[in-house]
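Below are the chains, spelled out letter by letter.
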Amino acid sequence: MFNQIVGIVKMSKRHTVKFSLLMVLILTGLTGISVIVHDGQKVEAAKTKTVKTVKSTVNVNAKNSDDLSYLTTHGYALGVASNFNIFATESYTQDNDIGNARIAANKFQVNNYQRSVGWTQADPDIDSHMLAVKSLADDSNTQSTKLITDRTSGVFAAEDSGTTALRNSSGNPVDVDQLTNVKDFSENQLTNFASANDQVEAVSKFYASEDQINQTFSKKFVNNTTLTTDQLSQIHAGKTVTINDPNAERKCLVVNIPVDSVKDLKTQEDVLKLHLQYVTNLSAEPIVILNFPNLSKEDVLDLNSAGDIVDVSYGTVDHQTQIIDKNHLLLNFSQLKTIKFNNQFIGTVIAPNTDIEINALNSALTSVIGKNIHVATSINTLGPNGIFNPPDFSDPDNSANSDDKPSKSVETTLKKTGTDGQSTSTSFDNPTTMASAFTYNDKANFSLKWEAYEGTNLYESIGNQSSWKQVASSDGDGAGKFSTDQYPGQDQKLTQTSDADYVTLMTPKNQVVYFALASSDPNDSKTEKQWSSSITLNLAPFSISMPKKILFSNLAVQNGVTRPDPTPTMKLNNTLDAPFKLKVGVDAQSSVTEPVEKAANVFLGTANFTYNNVNLYDPGSDLGMTQSDADQFIKDLATDPLTDDGGKVYQMNDFQLKVPSNLLYTKATVGMLWQFSWFPSS
């Protein structure tokens, strides 16, 4: 009688193409880049401090109103609008009293009788005119406007001749000066509001142009950063985005936020939660410019929540301090249709093509520059101290002319492209992780560009930095670049684990790629890395589990074969979506096979099967499944990746052993030989 046969998966130490649960894999190189995004980072608010007046005492001799590189570095960071709390290039309308505000408007209108405008000249370097207009609306409400001052001259100017004189707080008429008497206009070489409109538009474009910024300011002073798609997603989710300063000391941060709509800028709860962390060694508050170049000219930004916030902090990773000086923050909207302030105010706003409505504020206004501005509520401002006009812009050390040679800098980008053609990008300056996982055919393009690292080469290491490969060299000035396409999900090295029932092969969950700029191989203990960073790439999972034992408790032998009972199963999780090849046979030389002679062993015979998930000719017989099960198996792999942690279980219903007639009554143990390789490896 044929006794019980146990098929045992043999473990082998041979690193060849075939072994019991064989693994033949080649580790491919990965590189990567990212920006660290933290959620819930503790931010320490700075202590209240005295705010300096931002207007610098300089001699302004601009050639013309378009000479923005000169004007922005000589006390006019916003051109003609630099010292006005409200600047409307077309119309300005107010319904109630306005306190401590310097106002300029193409057309000035007040909707209620004897409303007032108040302003105190706190700095003698700022022009004394509190209201500058092209014209006043021809109605009794506007004509009754009071200027809260005792002065009767040097406080009101108009472009149009014959403009009606307004009265001061004592009821006395004030002189109507010519617009050219207003220092803000004359020093910007402007004589009318039409030219002022053009200049305001040019200022907005100036701060949105990386070329103009770089031509004006030193690279040691400005960090110009464009947020990646991953970072924009974090903003939409209300998460905190961390921006790193490679030089650790650049005081001006320009951030381009290319969201396409207000919906993408705000959270799903319709709240603006813009949290940025600037990782730098700066001890003084940085200057921050936020550009929104892609917002639609048909879009409306409605700030109607007490939770709306633009929060920028700076410092080291573990010690961030919140920026509290509003004059250090500029928000630049190039083409937004409307901004409505119904609760919070967020810093100096320049929006030359935008209508701005101020309906309610629970904080002081700083500065707003727009097309048509309507103030429906009584407000106060921070006066000249709240306007974006940094003295650091006038420091010669921060000028582009101070750049004798480039500062050390490294720019890095990783672009991930999926099989569907969709791509995401991210960058890194410090070790970080890319959130999305790579599948088998996802492509990674790594690009690095560096300056001022003289005498260095770029090295790459994959895994644990035990070995480094030189991939590029710096030129004589210490500059260089490197770009490569890789497929991180391909040819991964498998690890083997086992439990009581199965032996499992699985790919790693991630892979770390390191880059370093050094004079020689970083493995040399005498070599110091001048710059280094790394990225962790997440990999989609792959695991396959084969039965450790196959039991044949059924004693019946029909036509020379016997079938296992219970039916053996195989488990597979191929979220990686990788093509592979699996073959099973009998190891005739197995040390646990009885008898050990090949002639006396038990074989699978014609039931030997080979499976690959790219080209399966006869799945029913080859895989040991029924035709319907095999069809479903292939369908699963060809369409939706398997995402369950344990994978799917497939029954090997047609598994059988051929029993030689002379061994019908012999107890035997079969050594199972499983062979696995990535397709199309031989």
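Computed from a predicted model, the values in this text were never measured in an experiment.

What to know about the environment of methionine 506
Phase 1: By the secondary structure assignment, methionine 506 is in strand 34 (residues 502-506).
Phase 2: A relative accessible area of 31% means that methionine 506 is categorised as partly exposed.
Phase 3: Separated by 35 residues in sequence, methionine 506 and proline 541 have C-alpha atoms that sit 7.7 Å apart.
Phase 4: Leave out the neighbours within four places in its chain, and methionine 506 touches Lys493, Leu494, Thr495, Thr497, Phe542 and Ser543.

A closer look at the pairing of strand 19 (residues 309-316)
Phase 1: Here strand 19 lies mainly inside the structure; six of its eight residues are buried.
Phase 2: Bridge analysis of strand 16 (residues 273-279) against strand 19 gives seven bridges, and the strand direction is parallel. Of the residues in strand 19, the one forming a bridge with glutamine 277 is serine 313.
Phase 3: The pairing of strand 19 with strand 20 (residues 319-322) spans four bridges and is antiparallel. If you follow glycine 315 over to strand 20, its bridge partner there is glutamine 320.

So, helix 4 (residues 193-208)
Phase 1: The end-to-end C-alpha separation of helix 4 is 23 Å, in line with the 22 Å expected for 16 residues at 1.5 Å each.
Phase 2: Buried residues of helix 4: Phe193, Ala196, Gln199, Val200, Val203, Ser204, Phe206 and Tyr207, and no others. All buried residues of helix 4 project into a common sector of 155° when viewed along the axis, lining one side. In helix 4, those exposed residues whose orientation departs by more than 90 degrees from the buried face are Ala194, Asp198 and Lys205.

Details of the packing of aromatic side chains
Phase 1: Counting across every chain of the model gives 15 aromatic pairs.
Phase 2: Aromatic side chains phenylalanine 221 and phenylalanine 393 sit 6.1 Å apart centroid to centroid with 85° between the ring planes, which places their arrangement in the edge-to-face category. Of the two residues, phenylalanine 221 sits in the loop between helix 5 (210-216) and strand 13 (222-226) while phenylalanine 393 sits in the loop between strand 25 (379-380) and strand 26 (409-417), which places them 172 residues apart along the sequence.
Phase 3: Classification of phenylalanine 393 by relative accessible area gives buried; the value is 1%.
Phase 4: An aromatic cluster is built from Phe206, Tyr207, Phe217, Phe221, Phe388 and Phe393, whose rings are joined through pairwise contacts.
Phase 5: Over the ring of phenylalanine 84 we find arginine 102, and its NZ or CZ is 4.1 Å from the ring centre.
Phase 6: Across the ring face of phenylalanine 438, the terminal group of lysine 416 is positioned such that the distance to the ring centre comes to 5.0 Å.

A closer look at the pattern of salt bridges
Phase 1: Using the criterion set out here, one finds eight salt bridges in the structure.
Phase 2: In this structure, the salt-bridge partner of aspartate 270 is lysine 266, at a minimum N-O distance of 3.0 Å.
Phase 3: The class of aspartate 270 is partly exposed, set by a relative accessible area of 39%.
Phase 4: Take lysine 266: its relative accessible area is 2%, and that puts it in the buried class.
Phase 5: Here the salt bridges share partners, and the residues they tie into one network are Arg102, Asp127 and Asp184.

Re the nonpolar core
Phase 1: Core analysis: the biggest nonpolar cluster contains 65 residues, and Tyr92, Ile257, Leu290, Phe333 and Val349 have the highest contact counts within it.
Phase 2: Discounting chain neighbours no more than four positions away, the residues touching leucine 290 are Val255, Ile257, Leu274, Leu276, Val310, Leu329, Leu330, Leu331 and Asn332.
Phase 3: Core analysis: the second largest hydrophobic core is formed by 36 residues, Tyr76, Phe84, Ala132 and Phe393 among them.

Some remarks on unusual backbone geometry
Phase 1: Even without glycine at this site, glutamine 114 takes up a positive phi of about 50°.
Phase 2: By the element assignment, glutamine 114 lies in the loop between strand 6 (103-110) and strand 7 (116-118).
Phase 3: Residues other than glycine seldom take positive phi values, yet glutamine 189 does so here, at roughly 60°.
Phase 4: Here glutamine 189 shows up in the loop between helix 3 (183-186) and helix 4.
Phase 5: For glutamine 189, a relative accessible area of 41% gives the class partly exposed.

Each value, and the rule that gives it
Residues numbered from 1 in each chain as written. Predicted model: local features only at pLDDT ≥ 70, side-chain atom pairs only at ≥ 80, totals over all residues. Heavy atoms only, no water. Helix = DSSP H or I, 4+ residues; strand = E, 2+ residues; numbered from the N terminus. Buried < 20%, exposed > 50% of the residue type's maximum accessible area, 1.4 Å probe, protein only. Contact = heavy atoms within 4.5 Å. Pairing = 2+ DSSP bridges. Expected span 1.5 Å × (residues − 1). Arc of directions from axis to C-beta. Phe/Tyr/Trp six-rings, centres within 6.5 Å; stacked < 30°, edge-to-face > 60°. Lys NZ or Arg CZ within 6 Å of the ring centre and 35° of its normal. Salt bridge = Lys/Arg side-chain N within 4 Å of Asp/Glu carboxyl O. Core = buried A, V, L, I, M, F, W, Y, C linked by side-chain atoms within 4.5 Å.

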